[in-house]
Amino acid sequence: MLQTLLSLICIFICIEYTSSKCIWYEGIRDGFNQAYPNGEPKPLPLEDISLLNEMCPHIVTREGVSPNLCCDRKQLAEMQKFKYIIDNLIGRCPSCYFNFLRIFCEMSCNPDHDQFISPLEYLNITRPSEQTSMNKDDNEEVIRNDWALHDYVDPDEEGEEKDADEKVTSKAISKPLEIVRVITKIRYFISEQQANDFIASCWSVRINFQYAVDILCGSLNRACDVKKLFQYIGLKNTQSPIKIDFVFVNNTHYDQELRRTFRPSNATMFACDQPVILPHVSRQKCTCMDCNAMCPKIPEIKIKNSITVNSTFVEKVKAKLYNLPRITMIAIGMYIIFVLTFIFSNILLSLWNFTSKKKKEFIKNIRSEKSAEGEQEQMNTNGVHNVEDEIESETSFGDDRSGCFDRLGVKIDDTLHQIFTAIGEFCAYNPLYTIVPVLVILVLLCFGSRYYTVTTDPVDLWVASNSRARLEKAYYDEKFGPFYRIAHLILVPKNKNNATLRYKTPLEAEEKYTFGPVFERNFLLDALRLQLFLENFNVTSESGQPIYLNNTCYKPLEPDNRNCAIFSLFQYHQNNLTFLLNEPLYPSQYLECMQAPLTQQTKSFQRTCMGKFGGPIDPYMVLGAFPTHDGVPDYAKAQALIITITINNQRKTNQRDNEQLNNALLWEKYFLEYMQTYRSKWFDVKYRAERSIEDEIERESKSDIKTVLISYLIMFLYIAVALGRIRNFRHLLVDMKVSLGIAGVALVTLSVWASVGVFSYMRIPTTLIIFEVIPFLVLAVGVDNIFILTQSIQRDRRLPGEDVETQIGRIVGRVGPAMLLTSVSESIAFFLGALTPMPAVRLFSLYAALSVLIDFLLQITVFVTFITLDHKRTIENRIDVFCCLQISREQDENSLFPKIKWYRRKSDADKDIENCNPQETPLQEKKSDEAQTSSLRQASIIEPCEEHLMEMDGFLFGLFKRYYAPFIMNRHVRPTVIFLFFTWLAASIALLPYVKVGLDQNITMPKDSYMIDYFSALKEYFAVGPPVYFIIKPGINYANNNASNLICASSGCSSQSMANQLGIASLRPTETRISQVGTTWLDDYYDWLRHRGSTPCCRLYNNTGAFCSTNAPSSAKCFACSRSTTRESLTANEFHQFLPYFLQDNPNPKCAKGGHAAHGNSVALFGRNKSVETSLIMGYHSLLISSNDFIEAMQQAYIVTDNITRTLKSSGYDVEVFPYSIFYVFYEQYLTIWHDVFMNLTISAAAIFVVTFILLGFDIISAFIITLTIAMITCDMIAMMYIWNIEMNAISLVNLVMSVGISLEFCAHICRDFILSAKGSRLKRAEKALAYMGSSVFSGITLTKIGGIVVLGFSHSQLFHIFYFRMFICIVSFGAAHGLIFLPVLLSYIGPSPNGIRKTRIQNQRSLNKSLHLQTKLSSTEIS
């Protein structure tokens, strides 16, 4: 046992102290090293020490001492070539970069490398002599040229590589021609900890929109791990001739195959958040953009009061209450207080009624003594009224009012009454002098409509000219050009089954793999044929010029590359149809390019993955609905193919730009026409063009013209029929008011037309929403006034000695102030609403205010004339419309059909008899007994007309007077109404926070639109959101190192730099809505400048000093731009001089950092000194589906850029950073939509309060009640938007502003009638106002609108159905409910007491009327 132990110790000591050997030494050619088994390390010549320090900075060297190594200069030179490629990939993160160098430097030069490396395979090759150059291996595959593109063939590349090889090897080649043995494959034992630390240091390093690790790993997006990485680098990497079999071990490892023990290198890897400190180099830490560990710690969002399965009922209730919005909590609290107050007050009221029974009985006896006067009016047959209700209502606010405000109010009423009486009499007596001047004025106003312009541009329609998003869009368009137009194709296979296809592995083996249905050959062939057809078909312009896609498309590398930027899967083989037809292993190309889109030459076919237009194609942009595994997308299983065609979006600045834009629109038009008829056997296609939305909205508007016309026709027919009071069938043609209805509707139309003319004179444009909404509003206001005026005349009796004209004037004097109240209130409210910055709402408010005002002026002038003429026509029994025909009064009473005759103008004698006809003046004082006797005799012969109408209440009026009003005023119904309506209000307030903001794109389209299918496909198949640009305005000197450190993201940049802050934001895509951020042009520019190797990126011609591209012929004499290899050593002049070269340099295999493709449009330079004026960093939003997603994305982008701006300003740079994406200008309105809603509605309500307070005789209680009722209607409307799934946007805001005006119509007339009534208690006054004015309001607004609105429900337009049918039906129904139910009940409780002066005046007038009535009765008795 002891002997065995001693033997093991001896073996261990021997292993520990055995001197290490080399396995190779001396580079031969093509990266192969000569086998040197058990060789001793050799000293490196002193002149090569600098090269060693560059390639292996971790190896300690001493001045004048040659280190013993297993590599020579040729091996270091081969490493140097490889180093420059790696520098472009991961050089921005020093930790990752130097860790990578150390792993391979240890492999190449470490004098102890046989401790962890062992050769596996060898090859005999010929050593080149001094006279021969190092040629490529004869067995190397030749690039296939049968479908190669000229854009990517570099004929001088091979020659340049030969020249470079000769330069490197010319010094060392001195041996005669011989066969040498080289190593082609090794086994590398690497510490598992070292390997994990290496991939961790490189994990977040970015190269534009990709991760460098994915490129090194040759894997799909983030599918790399440590084993895949080293396997790809060692065995699958075709760039290296030596294959490396990496084996991960811990400590020592015994290999069974090699039969020996290995010990991995103990080299320590630098973490990405550690500075690199080595004997020959010192670098700073990586930045947050490339190292997550450098980013600030993101606090975990703790969800408080979350509901779990084990939560108790109380905990669940607490959690739900905690998550409720504040407004909802306040509404719940207020409602609880209201319920308790309501119950408590009803209990107290019942107790008070019980204890005051005797007092009430006493008052009841007093009131019963007065029952002789109008018993039918005082006691309802159903017995719903009692004295208790009257006392309760009468004692609410004390005695009658007769203060200063009351006297002033009466004075205003009297003045308005006198003014409107005078206007009414003038218009009634002078129809010619009224109609002609008004028509002349109308013609002049309407004539201005010839100058009208309709705003259809969504930007001009919904976005204020001084809004932030619009100004930023204008800035972007000016500096970088307008965002290109897009034509999209989403191809969905009809066969949903996966396809098993053969492909070539990196090891040249053929295997089978299950691909998604989009990789099936027939599908791809048909899709590519469609794409090629779209590229090549042409349309003819108006000038006869053929227009191809190439004439209008976006070309990012123009003029070097004039191919269109079309993003599709077929760009991985440059849209080559022959490739798909002839290559059975075509999936190999797709697999390699999906793994590494920047690949310049694939292993399978030696083709580039770059698009035909010169840019990379990210797989998530051309494939859709691919699954993910552990967050890693599997593109090979994609279910849809996406083709994106980009088209130039020229601004309308000159004639040439107009022509280019018109050409683009024409191409898109024929593109859409072709796609509508296109059918494929293999796939369904969803498509759109930039003009699609505008085209479909226009088509939708045209298709709904018929629906709108039918709606207005139904309303017109109802007005024509409902205005009349039909006595019987015989008098149907007389009692109809068709002509009056036509006149009323015509005046409404003329008022809208005149408002259009006025604003057209002022060059203020109109919008389609004006023609859709304002007629509805003006018709509601105008028709309500028409019904009130007409029915007031129908219910009125002419006073003694009063003619028709005087009667009309008196009625206008009574009704006119109410019309003035509603019209002026609405006009002022709308004019104030025009203060909003949103153009659509501002224009609506202006046009609505002027239309309502003009309609009011027409109604109190022209319509009064019309109604006077119509009233005379009715008295004379003339037929409506055909006024020259008259129904004879002399006919059989039993006859069903009327006897019609020509109308004959009466003589003066006939008129005298007519004027004393009792049917006209039953209450007038008789001038003589003879005249009275004559009239009584005439009454027995001629059927009365006006008297008969007076005795008719009308169906609605009778219904309201006899049944509805008494029912609503029932002592049990009234408190129920108050309780229900306040419950409704509380529920509405609680629902306010849940109303969605935005406008679903599907709603804006017709139901049969192809865009609905496209939007659905967009949500289902797209994987990334729209691009977003972060723009830096002027104010920063990029050539200054301190300033550039606040922008860039590579090592040495500030941790609070712009790029790093954007990188931090992209780490939280669900919160910030920023999914990816590209590398900055500044970082790529620095990498481009310091690129070294056989062909530096930045070179100048020796003779001219002009830029010398890496694609220049090998014979070109060029030199490197600068000796500077770091940002710190670059001068300002060099920065400005070489920047334009970087922006025009196309990327290629020799220089992948050329900035033309990625950053050509990212920098705007000043004209003279070529310094940077403004620049941008590009990124992508996460997938955005709903309106809320778009709004949140914009909000988060503004938050990020505002923080960046603060950082820059705190560092002393007065510069602004802002985000821009194509959708911002459309969604900005939603950031302030609730503020706009609150401000518009508050201003409108305040205006109504002030105007009603003044015009109602300084009655603050009535003004408060009206404003409260309108506020309740508005709150209920907004809550209903949540229930009915109507989003809050500019259209709904316009409707809400309109609802304020219509709600006033429901409230103002009833409230004013209540105020003017001095009869009895509040209860009686409320009942009378509801009966007399409620019926007019109900017939004038509710019934008029309901029929027309119902028709809108059959519209093909979703927009009409949701925002017009649903909202209009709510406006009318809610207004009617509050105006005809809640308002009268509220007035019966807290309505103002009668004005004392007005009450005294009415009582005096009643006494006078009674005396006249008694005198008339006595006279009649004497005559009899």
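Coordinates for the structure precede this section.
The rules behind these values
- Residues numbered from 1 in each chain as written.
- Predicted model: local features only at pLDDT ≥ 70, side-chain atom pairs only at ≥ 80, totals over all residues.
- Heavy atoms only, no water.
- Patch = residues over 30% accessible without salt bridge, like charges linked within 9 Å, V, L, I, M, F, W, Y side chains within 5 Å.
- Areas by Shrake-Rupley, 256 points an atom, 1.4 Å probe, with all protein chains shown as cover.
- Salt bridge = Lys/Arg side-chain N within 4 Å of Asp/Glu carboxyl O.
- Helix = DSSP H or I, 4+ residues; strand = E, 2+ residues; numbered from the N terminus.
- Disulfide = S-S within 2.5 Å.
- Buried < 20%, exposed > 50% of the residue type's maximum accessible area, 1.4 Å probe, protein only.
- Core = buried A, V, L, I, M, F, W, Y, C linked by side-chain atoms within 4.5 Å.
- Contact = heavy atoms within 4.5 Å.
- Polar contact = N/O pair within 3.5 Å; in protein donor to acceptor, adjacent residues only side chain to side chain.
- Phe/Tyr/Trp six-rings, centres within 6.5 Å; stacked < 30°, edge-to-face > 60°.
- Axes fitted to C-alpha atoms, helices over the stretch in contact; angles between N-to-C directions.
- Parallel < 35°, antiparallel > 145°, perpendicular 65-115°, else oblique.
- Nonpolar A, V, L, I, M, F, W, Y, C, P; charged D, E, K, R; others polar.

Structural notes on a nonpolar patch on the surface
- A cluster of nonpolar side chains, namely Ile343, Phe344, Ile347, Leu348 and Leu351, defines an oily patch on the protein surface of about 490 Å² accessible area.
- Structurally, Ile347 can be placed in helix 10 (residues 326-355).

Topic: the state of the cysteines
- Applying the stated criterion across every chain, the model contains 13 disulfides.
- Here Cys71 connects covalently by a disulfide to Cys109, the sulfurs 2.0 Å from one another. Across the S-S bond linking Cys71 and Cys109, the dihedral sits near 105 degrees, which makes this disulfide right-handed. Of this pair, Cys71 sits in the loop between strand 4 (68-69) and helix 3 (73-90) while Cys109 sits in helix 4 (residues 94-109), and the two are 38 residues apart along the sequence. For the pair Cys71 and Cys109, a shared accessibility class is recorded, and that class is buried.

Considering the nonpolar core
- Formed by 215 residues in total, the largest nonpolar core has its most connected members in Phe844, Trp1088 and Phe1135.
- Leave out the neighbours within four places in its chain, and Phe844 touches Ile770, Val773, Ile774, Leu777, Phe830, Val1294, Val1297 and Met1298.
- Counting 91 residues, the second largest nonpolar core, distinct from the first, contains Tyr476, Leu528, Ile547 and Cys564.

What about the environment of Asn576?
- Within the element layout of this structure, Asn576 appears in the loop between strand 19 (566-567) and helix 20 (577-582).
- Once the C-alpha coordinates of Asn576 and Leu528 are considered, the two residues, 48 residues apart in sequence, prove to be 8.6 Å apart.
- At 2.9 Å, the side chain of Asn576 forms a polar contact with the backbone nitrogen of Phe579.

Quick word on the packing of aromatic side chains
- Applying the stated criterion across every chain, the model contains 71 aromatic pairs.
- Ring geometry for Tyr513 versus Phe515: centroids 5.1 Å apart, planes at 80 degrees, classification edge-to-face.
- Measuring from ring centre to ring centre gives 4.9 Å for Phe1190 and Phe1223, while their planes differ by 75 degrees; the resulting arrangement is edge-to-face. Here Phe1223 lies in the loop between strand 33 (1217-1220) and helix 44 (1224-1227) and Phe1190 lies in helix 43 (residues 1187-1210), a separation of 33 residues in the sequence.
- Classification of Phe1190 by relative accessible area gives buried; the value is 13%.

Topic: the packing of helix 29 (residues 804-833) against helix 30 (residues 839-875)
- Where helix 29 contacts helix 30, the axes come no closer than 8 Å and their chain directions differ by 170 degrees. By the angle class used here, helix 29 and helix 30 are roughly antiparallel.
- The residue makeup of the contact of helix 29 with helix 30, split by class, is 19 nonpolar, 9 polar and 3 charged.

Brief notes about the side chain of Arg1099
- You can see Arg1099 is positioned in strand 29 (residues 1099-1101).
- Residue Arg1099 is classed as buried on the basis of its relative accessible area of 11%.
- Side-chain polar atoms of Arg1099 contact the backbone oxygen of Ser1109, separated by 2.8 Å.
- Once you skip the residues sitting within four places of it in the chain, Arg1099 turns out to touch Ala1106, Phe1107, Cys1108, Ser1109, Thr1110, Ala1112, Cys1118, Phe1119, Ala1120 and Cys1121.

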